[in-house]
Number of protein chains: 2
Amino acid sequence: MSCKIEEFQQEQKKRMRAVQDSMDVLNGKWKISIISSICCYGKRRFSDILNDVEGVSNRMLSKELKELEINQLVKRTVLDTQPITVQYELTEHGNTLQTIISNLTDWGIVHRKKIVGK
Amino acid sequence: MSCKIEEFQQEQKKRMRAVQDSMDVLNGKWKISIISSICCYGKRRFSDILNDVEGVSNRMLSKELKELEINQLVKRTVLDTQPITVQYELTEHGNTLQTIISNLTDWGIVHRKKIVGK
DNA sequence: CTGAATCCAGATGGATACTG
DNA sequence: CAGTATCCATCTGGATTCAG
(Lines give C-alpha, C1' and ligand atoms only; values in the text may rest on other atoms or scores of the structure.)
Protein backbone atom coordinates (compact mmCIF):
# COMPACT_ATOMS: atom_id res chain seq x y z
CA MET A 1 0.00 0.00 0.00
CA SER A 2 1.31 3.44 -0.86
CA CYS A 3 -0.01 6.81 0.11
CA LYS A 4 0.07 9.90 -2.06
CA ILE A 5 3.29 11.20 -0.64
CA GLU A 6 5.11 7.99 -1.36
CA GLU A 7 3.82 7.96 -4.91
CA PHE A 8 4.93 11.52 -5.34
CA GLN A 9 8.37 10.74 -4.03
CA GLN A 10 8.66 7.73 -6.31
CA GLU A 11 7.73 9.94 -9.24
CA GLN A 12 10.34 12.45 -8.22
CA LYS A 13 13.02 9.77 -7.91
CA LYS A 14 12.20 8.66 -11.44
CA ARG A 15 12.47 12.18 -12.73
CA MET A 16 15.83 12.66 -11.09
CA ARG A 17 17.08 9.43 -12.55
CA ALA A 18 15.97 10.60 -15.97
CA VAL A 19 17.75 13.93 -15.67
CA GLN A 20 20.78 12.08 -14.45
CA ASP A 21 20.64 9.82 -17.49
CA SER A 22 20.66 12.85 -19.74
CA MET A 23 23.53 14.44 -17.91
CA ASP A 24 25.57 11.25 -18.01
CA VAL A 25 25.45 11.52 -21.77
CA LEU A 26 25.95 15.26 -21.94
CA ASN A 27 28.56 15.65 -19.24
CA GLY A 28 32.11 16.05 -20.36
CA LYS A 29 33.79 19.32 -20.86
CA TRP A 30 33.25 19.55 -24.60
CA LYS A 31 30.34 17.34 -25.52
CA ILE A 32 27.70 20.00 -25.90
CA SER A 33 29.99 22.24 -27.89
CA ILE A 34 30.86 19.37 -30.18
CA ILE A 35 27.22 18.56 -30.77
CA SER A 36 26.51 22.22 -31.28
CA SER A 37 29.22 22.43 -33.91
CA ILE A 38 28.07 19.40 -35.84
CA CYS A 39 24.44 20.34 -35.51
CA CYS A 40 25.07 23.83 -36.82
CA TYR A 41 26.84 22.73 -39.97
CA GLY A 42 25.02 19.47 -40.58
CA LYS A 43 28.16 17.58 -41.44
CA ARG A 44 31.55 18.33 -40.05
CA ARG A 45 35.01 16.85 -40.27
CA PHE A 46 37.31 16.08 -37.36
CA SER A 47 39.66 18.96 -38.03
CA ASP A 48 36.77 21.37 -38.50
CA ILE A 49 35.30 20.51 -35.12
CA LEU A 50 38.77 20.81 -33.66
CA ASN A 51 38.73 24.36 -34.90
CA ASP A 52 35.17 25.15 -33.92
CA VAL A 53 35.48 24.07 -30.33
CA GLU A 54 37.88 26.47 -28.76
CA GLY A 55 40.40 24.83 -26.49
CA VAL A 56 39.70 21.18 -27.15
CA SER A 57 42.64 18.88 -27.88
CA ASN A 58 42.53 16.13 -30.47
CA ARG A 59 42.79 13.62 -27.68
CA MET A 60 39.68 14.88 -25.97
CA LEU A 61 37.81 15.46 -29.20
CA SER A 62 38.48 11.92 -30.25
CA LYS A 63 37.42 10.55 -26.91
CA GLU A 64 34.22 12.50 -26.59
CA LEU A 65 33.21 11.86 -30.19
CA LYS A 66 33.60 8.19 -29.50
CA GLU A 67 31.35 8.41 -26.47
CA LEU A 68 28.77 10.31 -28.46
CA GLU A 69 28.94 7.63 -31.10
CA ILE A 70 28.42 4.90 -28.52
CA ASN A 71 25.38 6.75 -27.26
CA GLN A 72 24.10 6.89 -30.81
CA LEU A 73 24.00 10.65 -30.96
CA VAL A 74 26.62 10.97 -33.67
CA LYS A 75 27.31 9.03 -36.82
CA ARG A 76 30.85 8.64 -38.06
CA THR A 77 31.67 8.19 -41.72
CA VAL A 78 35.10 7.63 -43.20
CA LEU A 79 35.43 9.36 -46.53
CA ASP A 80 37.54 7.77 -49.21
CA THR A 81 39.69 10.82 -49.81
CA GLN A 82 43.43 11.21 -49.89
CA PRO A 83 44.35 11.54 -47.14
CA ILE A 84 41.39 10.03 -45.39
CA THR A 85 38.90 12.42 -43.82
CA VAL A 86 36.15 11.58 -41.41
CA GLN A 87 32.75 13.11 -41.35
CA TYR A 88 30.52 13.43 -38.32
CA GLU A 89 26.83 14.11 -38.32
CA LEU A 90 24.01 13.90 -35.82
CA THR A 91 21.83 10.83 -35.86
CA GLU A 92 18.09 11.21 -35.77
CA HIS A 93 18.30 10.62 -32.07
CA GLY A 94 21.05 13.19 -31.75
CA ASN A 95 18.87 15.72 -33.48
CA THR A 96 16.30 15.43 -30.72
CA LEU A 97 18.79 17.32 -28.57
CA GLN A 98 18.26 20.49 -30.55
CA THR A 99 15.58 21.83 -28.25
CA ILE A 100 17.79 21.32 -25.24
CA ILE A 101 20.79 22.91 -26.87
CA SER A 102 18.69 25.83 -27.99
CA ASN A 103 17.37 26.30 -24.46
CA LEU A 104 20.83 26.02 -22.99
CA THR A 105 22.05 28.63 -25.43
CA ASP A 106 19.33 31.08 -24.51
CA TRP A 107 19.78 30.45 -20.82
CA GLY A 108 23.54 30.84 -21.09
CA ILE A 109 23.17 34.29 -22.59
CA VAL A 110 20.80 35.42 -19.85
CA HIS A 111 22.97 33.87 -17.19
CA ARG A 112 26.11 35.59 -18.36
CA LYS A 113 24.37 38.94 -18.23
CA LYS A 114 23.14 38.10 -14.76
CA ILE A 115 26.51 37.07 -13.39
CA VAL A 116 29.11 39.06 -15.27
CA GLY A 117 26.69 41.92 -15.09
CA LYS A 118 25.37 43.12 -18.41
CA MET B 1 34.43 44.07 -43.90
CA SER B 2 32.80 40.73 -43.24
CA CYS B 3 31.05 38.41 -45.59
CA LYS B 4 28.03 36.31 -44.74
CA ILE B 5 30.02 33.23 -43.88
CA GLU B 6 32.15 35.08 -41.39
CA GLU B 7 29.08 36.58 -39.76
CA PHE B 8 27.52 33.16 -39.55
CA GLN B 9 30.61 31.71 -37.95
CA GLN B 10 30.78 34.53 -35.46
CA GLU B 11 27.17 33.87 -34.55
CA GLN B 12 27.90 30.20 -34.10
CA LYS B 13 30.91 30.92 -31.89
CA LYS B 14 28.71 33.07 -29.70
CA ARG B 15 26.12 30.33 -29.44
CA MET B 16 28.73 27.80 -28.43
CA ARG B 17 30.12 30.11 -25.81
CA ALA B 18 26.61 30.55 -24.44
CA VAL B 19 25.99 26.80 -24.22
CA GLN B 20 29.38 26.44 -22.62
CA ASP B 21 28.44 29.07 -20.05
CA SER B 22 25.36 27.10 -19.16
CA MET B 23 27.25 23.86 -18.90
CA ASP B 24 29.92 25.42 -16.72
CA VAL B 25 27.20 26.14 -14.21
CA LEU B 26 25.36 22.87 -14.61
CA ASN B 27 28.35 20.56 -14.84
CA GLY B 28 29.22 18.62 -11.76
CA LYS B 29 28.02 15.17 -11.05
CA TRP B 30 25.12 16.14 -8.82
CA LYS B 31 24.15 19.69 -9.64
CA ILE B 32 21.12 19.00 -11.76
CA SER B 33 19.79 16.44 -9.33
CA ILE B 34 20.22 18.87 -6.48
CA ILE B 35 18.35 21.57 -8.33
CA SER B 36 15.72 19.08 -9.30
CA SER B 37 15.24 18.10 -5.67
CA ILE B 38 14.95 21.64 -4.39
CA CYS B 39 12.77 22.69 -7.29
CA CYS B 40 10.39 19.82 -6.72
CA TYR B 41 9.77 20.54 -3.08
CA GLY B 42 10.12 24.30 -3.14
CA LYS B 43 12.18 24.42 0.01
CA ARG B 44 14.48 21.69 1.15
CA ARG B 45 16.91 21.13 3.98
CA PHE B 46 20.46 19.88 3.66
CA SER B 47 19.72 16.43 5.04
CA ASP B 48 16.64 16.10 2.87
CA ILE B 49 18.59 16.78 -0.29
CA LEU B 50 21.23 14.38 0.94
CA ASN B 51 18.50 11.76 0.99
CA ASP B 52 16.89 12.75 -2.30
CA VAL B 53 20.03 12.64 -4.35
CA GLU B 54 21.08 9.05 -4.40
CA GLY B 55 24.80 8.53 -3.95
CA VAL B 56 25.91 12.04 -3.09
CA SER B 57 28.13 12.54 -0.04
CA ASN B 58 27.76 15.44 2.37
CA ARG B 59 31.12 16.68 1.21
CA MET B 60 30.01 16.90 -2.39
CA LEU B 61 26.56 18.19 -1.56
CA SER B 62 28.06 20.98 0.46
CA LYS B 63 30.49 21.86 -2.29
CA GLU B 64 28.00 21.87 -5.13
CA LEU B 65 25.39 23.78 -3.15
CA LYS B 66 27.99 26.42 -2.50
CA GLU B 67 28.74 26.70 -6.21
CA LEU B 68 25.06 26.96 -7.01
CA GLU B 69 24.77 29.70 -4.42
CA ILE B 70 27.68 31.59 -5.94
CA ASN B 71 26.00 31.37 -9.32
CA GLN B 72 22.86 32.78 -7.72
CA LEU B 73 20.72 29.79 -8.54
CA VAL B 74 20.09 28.78 -4.96
CA LYS B 75 19.36 30.76 -1.83
CA ARG B 76 20.57 29.52 1.52
CA THR B 77 18.76 30.34 4.74
CA VAL B 78 19.84 29.36 8.22
CA LEU B 79 16.84 28.58 10.39
CA ASP B 80 16.95 29.41 14.05
CA THR B 81 16.03 25.94 15.24
CA GLN B 82 17.71 23.66 17.75
CA PRO B 83 19.86 22.23 16.35
CA ILE B 84 20.31 24.62 13.49
CA THR B 85 18.83 23.61 10.14
CA VAL B 86 19.51 25.14 6.78
CA GLN B 87 16.97 25.65 4.08
CA TYR B 88 17.70 25.83 0.39
CA GLU B 89 15.41 27.19 -2.27
CA LEU B 90 15.76 28.26 -5.86
CA THR B 91 16.20 31.91 -6.60
CA GLU B 92 14.13 33.56 -9.27
CA HIS B 93 17.04 33.04 -11.58
CA GLY B 94 17.32 29.40 -10.56
CA ASN B 95 13.69 28.91 -11.39
CA THR B 96 14.36 29.85 -14.99
CA LEU B 97 16.10 26.50 -15.27
CA GLN B 98 12.83 24.65 -14.97
CA THR B 99 12.27 24.42 -18.70
CA ILE B 100 15.71 22.97 -19.22
CA ILE B 101 15.33 20.47 -16.41
CA SER B 102 11.96 19.46 -17.74
CA ASN B 103 13.44 18.97 -21.21
CA LEU B 104 16.33 16.99 -19.83
CA THR B 105 13.94 14.78 -17.90
CA ASP B 106 11.86 14.01 -20.95
CA TRP B 107 14.90 13.43 -23.11
CA GLY B 108 16.47 11.19 -20.50
CA ILE B 109 13.45 8.90 -20.49
CA VAL B 110 13.45 8.60 -24.26
CA HIS B 111 17.20 8.10 -24.32
CA ARG B 112 17.14 5.31 -21.77
CA LYS B 113 14.56 3.47 -23.83
CA LYS B 114 16.69 4.01 -26.89
CA ILE B 115 19.94 2.74 -25.37
CA VAL B 116 18.98 0.20 -22.75
CA GLY B 117 16.33 -0.93 -25.15
CA LYS B 118 12.77 -0.37 -24.05
C1' DC C 1 44.21 13.93 -41.87
C1' DT C 2 42.55 11.24 -38.04
C1' DG C 3 43.41 9.41 -34.57
C1' DA C 4 45.97 6.10 -30.76
C1' DA C 5 49.67 5.71 -27.18
C1' DT C 6 52.37 7.50 -23.52
C1' DC C 7 53.54 10.39 -19.79
C1' DC C 8 52.28 13.06 -16.08
C1' DA C 9 50.32 17.03 -13.11
C1' DG C 10 46.40 18.41 -11.11
C1' DA C 11 41.47 17.98 -10.19
C1' DT C 12 37.81 15.04 -8.43
C1' DG C 13 35.53 12.57 -5.20
C1' DG C 14 34.91 8.77 -1.55
C1' DA C 15 35.61 7.48 3.39
C1' DT C 16 36.17 8.89 7.72
C1' DA C 17 36.52 11.71 11.58
C1' DC C 18 35.63 15.99 13.75
C1' DT C 19 33.31 20.81 15.09
C1' DG C 20 29.76 24.28 16.48
C1' DC D 1 21.99 19.16 11.88
C1' DA D 2 25.15 21.12 8.71
C1' DG D 3 28.94 21.26 7.49
C1' DT D 4 34.69 21.16 7.51
C1' DA D 5 39.25 18.73 7.39
C1' DT D 6 42.20 15.21 6.05
C1' DC D 7 43.84 11.34 3.58
C1' DC D 8 44.15 9.01 -0.50
C1' DA D 9 42.84 6.47 -4.90
C1' DT D 10 41.14 7.36 -9.19
C1' DC D 11 39.99 10.14 -13.04
C1' DT D 12 40.82 14.02 -16.23
C1' DG D 13 42.96 16.18 -19.50
C1' DG D 14 47.12 18.58 -21.63
C1' DA D 15 51.47 17.92 -24.29
C1' DT D 16 53.86 15.28 -27.18
C1' DT D 17 54.92 11.65 -30.19
C1' DC D 18 53.79 8.16 -33.39
C1' DA D 19 51.00 5.40 -37.05
C1' DG D 20 47.93 4.25 -40.94
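Note that the structure is predicted; figures quoted are calculated from it, not measured. (Residues numbered from 1 in each chain as written. Chains lettered and ligands numbered in written order. Predicted model: local features only at pLDDT ≥ 70, side-chain atom pairs only at ≥ 80, totals over all residues. Heavy atoms only, no water.)

**Observations regarding the pairing of strand β3 (residues 85-90) of chain A**
Residues and elements named next belong to chain A.
Okay, so step 1: For β3, the tally of buried residues reaches six of six residues, placing the bulk of the element in the interior.
Okay, so step 2: Two strands pair when backbone bridges link them, and strand β1 (residues 43-45) and β3 are joined in this way by three bridges, in the antiparallel orientation. Looking at β3, one finds that arginine 45 is bridged to glutamine 87.
Okay, so step 3: Here six bridges tie strand β2 (residues 74-79) to β3, and the two strands are oriented antiparallel to one another. Bridge pairing in β3 links leucine 79 to threonine 85.
Okay, so step 4: Taking the residues that link successive antiparallel strands as the turn, the β2-β3 hairpin has five residues. (Buried < 20%, exposed > 50% of the residue type's maximum accessible area, 1.4 Å probe, protein only. Helix = DSSP H or I, 4+ residues; strand = E, 2+ residues; numbered from the N terminus. Pairing = 2+ DSSP bridges.)

**Quick notes on the protein's contact with DNA strand C**
Okay, so step 1: Lining the immediate surroundings of DNA strand C are 19 residues, of which Ser47(A), Ser62(A), Arg76(A), Tyr88(A) and Arg59(B) lie closest.
Okay, so step 2: Considering DNA strand C, the proportion of its atoms within 4 Å of the protein that are sugar or phosphate atoms stands at 67%.
Okay, so step 3: Ser47(A) is positioned such that a nitrogen or oxygen atom in its side chain is 2.8 Å from a phosphate oxygen of DNA strand C.
Okay, so step 4: Of all the secondary-structure elements, those providing two or more residues to the surface near DNA strand C are α3 (46-52), α4 (58-70) and β3 of chain A together with α4 (58-70) of chain B.
Okay, so step 5: If one sorts the elements of the surface near DNA strand C by residue count, α4(A) sits on top with four residues. (Near = heavy atom within 4 Å. Polar contact = N/O pair within 3.5 Å; in protein donor to acceptor, adjacent residues only side chain to side chain.)

**Section: the sheet that holds β2(A)**
All names here are of chain A.
Okay, so step 1: Within the open sheet, the three strands sit side by side as β1-β3-β2. Their pairing is antiparallel. Sheet topology places β1 and β2 at the edges, where each strand pairs with a single neighbour. Strand after strand, the sheet turns through a mean of 30° between neighbouring axes, direction not considered. (Axes fitted to C-alpha atoms, helices over the stretch in contact; angles between N-to-C directions.)

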